[in-house]
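# Chains, contacts and geometry: an overview
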Amino acid sequence: MSQAAVKAGSRFKKKRTWRNHVESMIPKLLFICAFVSVLTTVGIVFTLFTETAAFFQAVSFKEFFTETQWTALFSGDQQKFGILPLLSGTLLVTVGAAVVAVPIGLASAIYLSEYAPIKVRKVVKPVLEVLAGIPTIVYGFFALTFVTPLLREFIPGLGIFNALSASIVVGIMIIPMIASLSEDAMSAVPRSMRDAAYAMGSTRLEVALKVVVPAALSGIVASFVLGLSRAIGETMIVTIAAGSTPILTFDPTATIQTMTAYMVQAALGDNTYTSVSYKSIYAVGMSLFLLTLIMNMLARFISRRFKEDY
Amino acid sequence: MDRRLQSDGRVTFRRSLNHVLHGLFLLATSVGVIVLIVLLVDVWRQGWHWISWDFFNNFASRIAENAGIKAAFWGSLWMIGVTAPLTFIIGVATAIYLEEYAKKNWLNRFIQLNISNLAGVPSIVFGILGLTLFVREWGLGRSVLAGSLTMTLLVLPIVIVASREAIASVPASLRQASFAMGATRWQTIQNVVLPYSLPGILTGTILALSRAIGETAPLIMIGAVTFVAFTPGNVLDTFTVLPIQIYSWISQPQAVFAELAAAGIIVLLAVLLTMNAVAIYLRNKFQRKDG
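Everything quoted here is computed from the prediction, not taken from an experiment.

Scanning chain A from terminus to terminus reveals 13 helices and zero strands. In sequence order, chain A lays out its α and β elements as α-α-α-α-α-α-α-α-α-α-α-α-α. Here the C-alpha radius of gyration of chain A, 26 Å, is well above what a compact globule of 310 residues would show, namely 19 Å. Dimensions of chain A along its principal axes, counting C-alpha atoms only, are 95 × 65 × 35 Å. For chain A, the accessible area works out to roughly 15000 Å², and carbon and sulfur atoms hold 66% of it. Distance between charge centroids for chain A: 19 Å, based on 25 positive and 17 negative side chains.

What chain B contains, in helices and strands, is 11 helices and zero strands. Reading chain B from its N end, one meets helices and strands in the order α-α-α-α-α-α-α-α-α-α-α. Relative to the 2.2 N^0.38 estimate, which gives 19 Å for 291 residues, the radius of gyration of chain B is 25 Å and therefore markedly larger than a compact globule would have. Taking the principal axes of the C-alpha coordinates as reference, chain B spans close to 85 × 65 × 40 Å. Across the 291 residues in chain B, those meeting the buried criterion constitute 49%. Put simply, of all contacts in chain B between residues at least 6 apart along the chain, 75% involve residues at least 24 apart. Of the accessible surface of chain B, which amounts to about 13800 Å², a share of 63% is contributed by carbon and sulfur atoms. Of the side chains in chain B, 21 bear a positive and 13 a negative charge, and the two mean positions are spaced by 11 Å.

How two aromatic rings sit relative to each other is set out by the distance from centre to centre and by the angle between their planes. For the coordinates displayed, the defined rule picks out 21 aromatic pairs over all chains. For the ring pair Phe 55 of chain A and Phe 56 of chain A, a centre distance of 5.2 Å and an interplane angle of 75° mean the geometry is edge-to-face. Across the pair, exposure class does not vary: Phe 55 of chain A and Phe 56 of chain A are buried alike. Aromatic pair Trp 70 of chain A and Tyr 262 of chain A: ring centres 5.0 Å apart, planes at 85°, arrangement edge-to-face. Note that Trp 70 of chain A is positioned in the loop between α3 (61-66) and α4 (84-115) and Tyr 262 of chain A in helix α12 (residues 259-268), a separation of 192 residues in sequence. For Trp 70 of chain A, a relative accessible area of 5% gives the class buried. Among the aromatic residues, those joined into a ring-pair cluster are Phe 55, Phe 56, Phe 61, Phe 64, Phe 65, Trp 70, Phe 81 and Tyr 262 of chain A. The ring centre of Tyr 101 of chain B lies 5.9 Å from the NZ or CZ of Arg 185 of chain B, which sits over that ring.

Each α-helix winds once per 3.6 residues, and so residues spaced three or four apart point in a common direction. Residues and elements named next belong to chain B. With 25 residues, helix α6 (residues 144-168) should cover 36 Å at 1.5 Å per step; its first-to-last C-alpha distance of 34 Å lies within 8% of that length. Its maximal kink placed at Val 155, α6 deviates by approximately 45°, while the proline Pro 157 follows within four residues. Where burial is concerned, most of α6 is hidden: 18 out of the 25 residues are buried.

Residue and element names in this part refer to chain A. As recorded in UniProt, the sites labelled "transmembrane region" (unreviewed entry) are residues 82-106, 127-151, 163-186, 207-228 and 281-302. Helix makes up 92% of residues 127-151 and strand 0%. Its end C-alpha atoms lie 25 Å apart. Secondary structure over residues 207-228 splits into 95% helix and 0% strand, and the C-alpha atoms at its two ends are 28 Å apart.

The next subject is the confidence of the model for chain B. Counting all residues, the mean pLDDT for chain B is 90, and 95% of those residues have values of 70 or more. We note a pTM of 0.91 for the whole complex and an ipTM of 0.91 for its interfaces.

Interface size is often expressed as the accessible area that is lost when the parts come together. Each partner contributes to the interface: chain B provides 71 residues, whereas chain A provides 70 residues. When chain B packs against chain A, the two sides together hide about 6400 Å² of surface, and 77% of this comes from carbon and sulfur. The tally of links between chain B and chain A comes to one salt bridge. Residue Glu 206 of chain A pairs with Arg 14 of chain B through a salt bridge whose shortest N-O separation is 2.6 Å. Between the two partners, chain B and chain A, sit 15 residue pairs in polar contact (both at pLDDT 80 or more). The leading source of residues in the side of chain B that touches chain A is helix α1 (residues 2-47) of chain B, at 20 residues. Of the residues assigned to the side of chain B that touches chain A, the class counts are 49 nonpolar, 16 polar and six charged.

Residues and elements named next belong to chain A. Residues Met 25, Leu 29 and Ile 32 make up a contiguous nonpolar surface patch of about 290 Å² in total accessible area. Considering the arrangement of structural elements, one finds Leu 29 in helix α2 (residues 18-58). According to the relative accessible area criterion, Leu 29 is partly exposed, its value standing at 49%.

It is worth spelling out the packing of helix α3 (residues 70-101) of chain B against helix α4 (residues 106-118) of chain B at this point. Residues and elements named next belong to chain B. Closest axis-to-axis distance for the α3/α4 pair is 11 Å, and the angle between their directions is 135°. It follows that α3 is oblique to α4 by the angle criterion. Handedness of the crossing formed by α3 with α4: left-handed. On the side of α3, the interface is formed by Thr 94, Tyr 97 and Leu 98, while α4 contributes Asn 108, Ile 111, Gln 112 and Ile 115. Classifying every residue of the contact of α3 with α4 gives four nonpolar, three polar and no charged.

Procedures and definitions
- Residues numbered from 1 in each chain as written.
- Chains lettered and ligands numbered in written order.
- Predicted model: local features only at pLDDT ≥ 70, side-chain atom pairs only at ≥ 80, totals over all residues.
- Heavy atoms only, no water.
- Helix = DSSP H or I, 4+ residues; strand = E, 2+ residues; numbered from the N terminus.
- Rg over C-alpha atoms; globule rule 2.2 N^0.38 Å.
- Areas by Shrake-Rupley, 256 points an atom, 1.4 Å probe, with all protein chains shown as cover.
- Lys, Arg positive; Asp, Glu negative; His and termini not counted.
- Charge placed at Lys NZ, Arg CZ, Asp CG, Glu CD.
- Buried < 20%, exposed > 50% of the residue type's maximum accessible area, 1.4 Å probe, protein only.
- Contact = heavy atoms within 4.5 Å.
- Phe/Tyr/Trp six-rings, centres within 6.5 Å; stacked < 30°, edge-to-face > 60°.
- Lys NZ or Arg CZ within 6 Å of the ring centre and 35° of its normal.
- Expected span 1.5 Å × (residues − 1).
- Bend = angle between axes of the 7 residues up to and from the residue.
- UniProt positions renumbered as here; feature names shortened; annotations may be inferred.
- pLDDT = per-residue confidence, 0-100.
- Buried area = accessible area lost by both parts, 1.4 Å probe.
- Salt bridge = Lys/Arg side-chain N within 4 Å of Asp/Glu carboxyl O.
- Polar contact = N/O pair within 3.5 Å; in protein donor to acceptor, adjacent residues only side chain to side chain.
- Nonpolar A, V, L, I, M, F, W, Y, C, P; charged D, E, K, R; others polar.
- Patch = residues over 30% accessible without salt bridge, like charges linked within 9 Å, V, L, I, M, F, W, Y side chains within 5 Å.
- Axes fitted to C-alpha atoms, helices over the stretch in contact; angles between N-to-C directions.
- Parallel < 35°, antiparallel > 145°, perpendicular 65-115°, else oblique.
- Left-handed = near helix turned anticlockwise from the far one by under 90°.

Pasting the structure below:
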């Protein structure tokens, strides 16, 4: 190696300047910020797990999963901790919401992606975005003061708090989510597939139902699962409109209580931090967390596993 | 002849089926629009006559005539005032890290997976975290700070996802031009990537904050109180927010409180729509500058 080359090498070597120091620090600082989200998950899992473990020292697994009464906020020996009534309430609202949101959401997505003129799309999509941005407390108010009185015109015996009204409004809340995610999946279907079907003489409906929907099915199903996961975790609508009576029932006109609604009710009460009823919030929260986590992972699995390669 | 007639009939049937379902699809799409209009009209009809100067200037009261949203309104402002810088800094930093620095290894894949999972966690679970960690462990009590930290964690995924999209949309040629001028990576990010992606980042941040303003459940969990007769003076004061004030009015049996709740909702929706308008305005303004 000649002396000149050594000199040249040293000339291009990074100097230990302040600038370089900053450059090497910045990715580390940014990483710390990125790590906040990991710490959040760790925090959620850790807090739920420790308090739930404490809860199960007082209540047996068997009671929690098989007992058909949930009277956690009663006093003393009247307390019973069977999650089934809360679970059935949650499922009732979720199924009801699905009945409302899945057909309407899918039909909206088909309309927006296959039928709608550009002008209509330009108006409808922002309106759906506004609908998606409305706070759930507002939907709860709407359910209680508008939907329930309306339903009572048709079902005379309907109580003020009922699962039906809550599930209809939860369904309306998740329509924009299902519509927009399904539409994304359908827009990703290449134009050539549609053109081929049109060339065979298909009507617009046949193209939509026999070509586009099957091709985008994984994304559409994933949007349903995500929407239902949102319905399970929804809190304020069911707290306001569905009632606070945990009963094991599948009657949509009944007053019920969901897992989330129970957590709100318990948080508003005066429970000491050491009581079993206070710890029951965590046990219910853990169940809710696991349920939605499984559904979200299922949605991701479906959209990955069954994705069509165009 | 017979066969042609049959096939004509079949074509006619297929065409009319197409028309019928076109109508049905349109009807389904209009459900959302109709519900939105009905909801706004219903709320306006019930609440508009309560909107007055006194409504903003009175604290919560057991007597409907004297009830107002002063504490809740200022509580919401305080909470957002602390949440906004926190989410912006942490969210944008995370997005820059993931888009510009992160190598494709398991740790960074895990961070990404983790963020998309957090986006699907019900908000009330974040409330449990806030209650346990911030209110009890850190001893912040039922304060503005505890509420803001909870909200920050809740809306962080929204900011991160939006910021990542905005940063990823910066053309590679701009970065290369900057590098070619001898700029370092951080100089490039600071002077090229961030200014270019700022409209997208701001839009995402504002949408995330409007979500935070409307959230009720996590703040009920951490115990933001419903009856507060003062406005917060610092971040360690107890507070209430608009959605909780609305909730406590909805929970009252008397009809007059439903009207107060409607009035509160009008204010809440007005704030949210203003924020959306600001987001659109910012996006347009910056886009024009670039063009």
